[in-house]
Amino acid sequence: MRFRNGGHQLFEQGTGILEKVSSPIVLLDVFKNKGELLQAFYEKSKSKKWLLDADLNYSIAIQLIDFVKLTLEEPGSRQALLEKYFLIYENAIAVKFALKGLTNEASYWHQAFEVSERSNATLLLEALQSVQAGRFAEIPDSLLETERRLKIDMAYLERLIFEEKMNANGFDPKRLAKLNNQLFSLQQQTANLMARLRNDYPNYFTLKYAPDLVKVPEIQAKLLRPEQNMLGYFVGEESIFAFVISESSFEVVKIPNEFPLEAWVQEFRNSIYRFNPASEEVDFLSQKYTNLGYELYQMLFEPIKPKLTGNQVVVLPGGVLGYLPFDALLASPPDDYGAYGTHDYLIKHYQFSYSYSATLHKEMLGRNSNWRRGGFVAFAPSYGGDSLNMRRDDPWRAVLGTLKFNQSEAKSIQDIMGGQVFLDTAATELNFSKAAPNAGILHLAVHAKSNDEHGEYSYLAFYQTLDSIENELVFVKDLYSMRIKAALVVLSACETGIGELQRGEGIVSLARGFSYAGAASIVTTLWSIDDFASSEIMRFFYENLKKGQQKDEALRNAKLNFLKNRQGTNASHPLYWAAFIPVGDMSALDGFGWPVWAWAAIGLVAGLLAWRFLKKKVTT
């Protein structure tokens, strides 16, 4: 089959032709296998025509994936589709990278970046896109509200079903059957509503599932601060592609995936959060940390270092890299692996922030949240070391150990920011659900737990009210139905940035849930954090914010300040400071410090005065 002249035209004729295909999935398999065959022909012959044919083949396949997504109403089905055909995206990028090498046409790099964006955090982007899609498709508010209520009710039933299945004493068959029947009824109502929307408002699905992906020139012109870079990783089976974008340059670096990346990332994390100065394995873990910290730096960051301009980097971490704290990588091997305060941490050289994709970064920057409208709101419950039941009669439980410093943390930040703090018994799920939607800054000094098998059931734990019918937990799935328009959400809790890794989607975590709910920026954690260290870093962080610093700058300086104060002690180990990462819009909080235009005006005036002085001096 040859598609060089007719392939795109055939596809662009619309869904009418595709709907005549009896099995699009079978056709996707054909495109996948054919593309791999064309790539093999190129490797053998080195003839460019095979690469061009492969490029067109994969372009049509990716458009076909987009078409199939339109026919799938369940997010799980769309995720399964992306999981099965993720290799098509990798091969498409590899082909475009090779074509750039053969032709020196920069357009192939731009196309490769678009493919990477198309494969990244797609379900989250679709969810956020649906609000705008409903508006532009002119769907009545009553129908959109019906859709929203159905989602809320289904999420609640799915949560009850999940908890019932997790009952260690065995689930109640009658109760589970009843819940499943109720869920099935809601799913039927949703399917009927979707059918109505598809027939009466066909543009809705096109707008929802075919978002306007951000392009490199727009990133350079609008999304980057001066001296800031965007570093996007696409992690494939054979290669890792790093997209390096600055205000004036764009390059793609291919990194052979010839090392056990997932194992190294996991072992690197283990070497950090298993650290215990009193443990017999402390020397072993310290040596493992320094070895892997430097090796990961050499593999992932050193190749792109010459491409960076300035020291500010927005990381789009593909795949397993979402678990990796770039701050804690080592730019050089240490002389003494036990002297943690003297290590050449990457945080000493670069200022990192993170986003889920470039398109989502643009979306979060555009939320224009004003923190002063809702002010500072914090939650710091007491736990007392009690055990928590997921259901009152369910022995599947977690122990909520006492947090000694979370309440003093919240109160010290209130001294800096003002606002409202819910302490001890007032820090309930009910108060959270009432206060969170209107908060300008939402600070949660609570217990949290990630779920790496069912990411949507990672949770935040509030004060355990004994007479409540709820379990005082807020799951990721609960956040999907909330509207939280905070300028900043700080998750000063354990494991809020990790969860289930879904290929092509990323890590389903509490942080992602707050992004879904509408927060413009989030500070989250990658592992269980030390209570005292957390309270000190957070105090430094808010003090820096009040000075007018950008959020990523404020967090970096807070960590560096903590490291300076802990020089020569075990507390300078990354376990105590590297878990916090900032996500989303890193602009400074409004109302603090000098605004950008004021600094620009001062610079202009200073320049004019200097020019007049020099002119006068020359004249004299």
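Read on for an overview of the structure. The model shown is predicted, which means the values in this text are computed figures rather than measured ones. (Residues numbered from 1 in each chain as written. Predicted model: local features only at pLDDT ≥ 70, side-chain atom pairs only at ≥ 80, totals over all residues. Heavy atoms only, no water.)

### Remarks on the overall build of the protein
Of regular secondary structure, the protein possesses 23 helices and 18 strands. Relative to its 620 residues, the protein shows a buried fraction of 54%. Sequence-distant contacts in the protein: of pairs separated by 6 or more residues, those separated by 24 or more amount to 75%. Element-wise, carbon and sulfur atoms account for 53% of the exposed surface of the protein, whose accessible area totals about 27300 Å². (Helix = DSSP H or I, 4+ residues; strand = E, 2+ residues; numbered from the N terminus. Buried < 20%, exposed > 50% of the residue type's maximum accessible area, 1.4 Å probe, protein only. Contact = heavy atoms within 4.5 Å. Areas by Shrake-Rupley, 256 points an atom, 1.4 Å probe, with all protein chains shown as cover.)

### Observations regarding the pairing of strand β4 (residues 312-316)
By the criterion of burial, β4 is predominantly enclosed, with five of the five residues buried. Going residue by residue along β4, you find Gln312, Val314 and Leu316 tucked away on one face and Val313 and Val315 tucked away on the opposite face as well. In terms of strand pairing, strand β1 (residues 228-235) meets β4 through five bridges, oriented parallel. Bridge assignment links methionine 230 to a residue of β4, and that residue is valine 314. Of the pairings in the sheet, the one linking β4 to strand β5 (residues 351-354) comprises four bridges and is parallel in character. Each residue of the ladder has a partner; that of valine 315, found in β5, is tyrosine 354. (Pairing = 2+ DSSP bridges.)

### Description of the pattern of salt bridges
Applying the stated criterion across every chain, the model contains 13 salt bridges. In this structure, aspartate 552 and arginine 225 form a salt bridge, with 2.9 Å as the shortest nitrogen-oxygen distance. A residue pair is termed long-range when its members are at least 10 positions apart, and aspartate 552 in helix α22 (residues 551-565) and arginine 225 in the loop between α12 (216-223) and β1 qualify at 327 residues. Aspartate 552 gets classed as buried once you look at its relative accessible area, which sits at 2%. We note a salt bridge from glutamate 536 to arginine 566, for which the minimum N-O separation is 2.5 Å. Of this pair, glutamate 536 sits in helix α21 (residues 531-546) while arginine 566 sits in the loop between α22 and β18 (580-584), and the two are 30 residues apart along the sequence. The exposure classification of glutamate 536 matches that of arginine 566, with both residues buried. (Salt bridge = Lys/Arg side-chain N within 4 Å of Asp/Glu carboxyl O.)

### So, the packing of aromatic side chains
Enumeration over the complete set of coordinates arrives at 27 aromatic pairs. Residues phenylalanine 432 and phenylalanine 462 carry aromatic rings whose centres are separated by 5.0 Å and whose planes lie at 35 degrees to one another, so their mutual orientation is tilted. Here the residue phenylalanine 432 occupies a position in helix α18 (residues 429-435), and phenylalanine 462 occupies one in the loop between β12 (459-461) and β13 (473-475), the gap between them amounting to 30 residues. Through a chain of ring-to-ring contacts, three or more aromatic side chains come together here, namely Tyr233, Tyr294, Tyr297, Phe301, Phe326, Tyr350, Phe352 and Tyr354. Its end group placed over the ring of tryptophan 50, lysine 49 keeps NZ or CZ at 3.2 Å from the ring centre. Lysine 100 extends its terminal NZ or CZ atom over the ring of tryptophan 109, reaching a point 4.1 Å from the ring centre. (Phe/Tyr/Trp six-rings, centres within 6.5 Å; stacked < 30°, edge-to-face > 60°. Lys NZ or Arg CZ within 6 Å of the ring centre and 35° of its normal.)

### Observations concerning the nonpolar core
Core analysis: the largest hydrophobic core is formed by 123 residues, its most contacted members being Phe432 and Phe514. Look past the residues within four positions of phenylalanine 514 in its chain and what remains in contact with it is Phe432, Leu442, Leu444, Leu460, Leu479, Ile484, Val489, Leu491, Ala519 and Ile522. (Core = buried A, V, L, I, M, F, W, Y, C linked by side-chain atoms within 4.5 Å.)

### Notes on the side chain of aspartate 552
At 3.3 Å, the side chain of aspartate 552 forms a polar contact with the side chain of glutamine 351. Setting aside residues no more than four positions away along its own chain, aspartate 552 makes contact with Arg225, Gln228, Gln351, Phe352, Ser353, Pro582 and Met586. (Polar contact = N/O pair within 3.5 Å; in protein donor to acceptor, adjacent residues only side chain to side chain.)

### Description of helix α20 (residues 510-517)
Among the eight residues of α20, eight are classified as buried, and the element is accordingly described as predominantly covered. Looking only at α20, the buried set comprises Leu510, Ala511, Arg512, Gly513, Phe514, Ser515, Tyr516 and Ala517. Glycine 518 sits one or two residues past α20 and shows a positive phi near 125 degrees.

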